[in-house]
Amino acid sequence: MVVAVKVFKKTTPNGKFTVYLGRRDFIDHGDYCDPIDGVVVVDSDYLRGRKIFGQLATTYRYGREEDEVMGVKFSKEMVIAKEQIVPMVNQKMEMTPMQERLVKKLGSNAFPFTFQFPWRHKFLH
C-alpha cells in the first residue's frame, strides 16, 4: 500500500535548484527537535564540480515587525548548523522513506540531506 505524502517544493527563479521538504513545521519535544530532512535537486549543467552547502538558521524576533523603520531591525539570525550537501559527504546516510521515494523518482541529480537541531541542554549548561 502506497501512502500519499505531501511534499513542499521550492525552486530558484532560474530553475536550476529545487529543494523538497516533507514538512515545514518542526516540533520541539523538550529534549529533542524533529530533524529537518529533504532532497535537493541540482541541474547537472549548473553543478559542474560546484559544492552545495545547506545551513540551518533561526531568527529571533524581539520587537514587532511593524516597528522596523529606516533599516532598524528587531531580530537576529543565528546559524545553528552548516553542512555540505553536494557532493554528498556521508554516502551511507540513512534516508527517510520520503527521501528514498524522491531520490528514486528524481534521479541522479537528487541529493538527500538531514539537519538536526542541537539539543536545548547543550545551550543551558
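Calculation rules
- Residues numbered from 1 in each chain as written.
- Predicted model: local features only at pLDDT ≥ 70, side-chain atom pairs only at ≥ 80, totals over all residues.
- Heavy atoms only, no water.
- Phe/Tyr/Trp six-rings, centres within 6.5 Å; stacked < 30°, edge-to-face > 60°.
- Helix = DSSP H or I, 4+ residues; strand = E, 2+ residues; numbered from the N terminus.
- Buried < 20%, exposed > 50% of the residue type's maximum accessible area, 1.4 Å probe, protein only.
- Lys NZ or Arg CZ within 6 Å of the ring centre and 35° of its normal.

**Some details on the packing of aromatic side chains**
For the structure shown, the criterion picks out two aromatic pairs. Between Y62 and F74, the aromatic rings sit 6.2 Å apart at their centres with planes inclined by 80°, giving edge-to-face as the arrangement. One end of the pair, Y62, is in the loop between β4 (52–61) and β5 (75–86); the other, F74, is in the loop between β4 and β5, with twelve residues separating them in the sequence. Take Y62: its relative accessible area is 53%, and that puts it in the exposed class. Between F113 and F115, the aromatic rings sit 5.9 Å apart at their centres with planes inclined by 55°, giving tilted as the arrangement. A relative accessible area of 5% places F115 in the buried class. Across the ring face of Y46, the terminal group of R50 is positioned such that the distance to the ring centre comes to 4.4 Å. The ring of F53 has K82 sitting right over it, with the charged end atom 5.7 Å from the ring centre.

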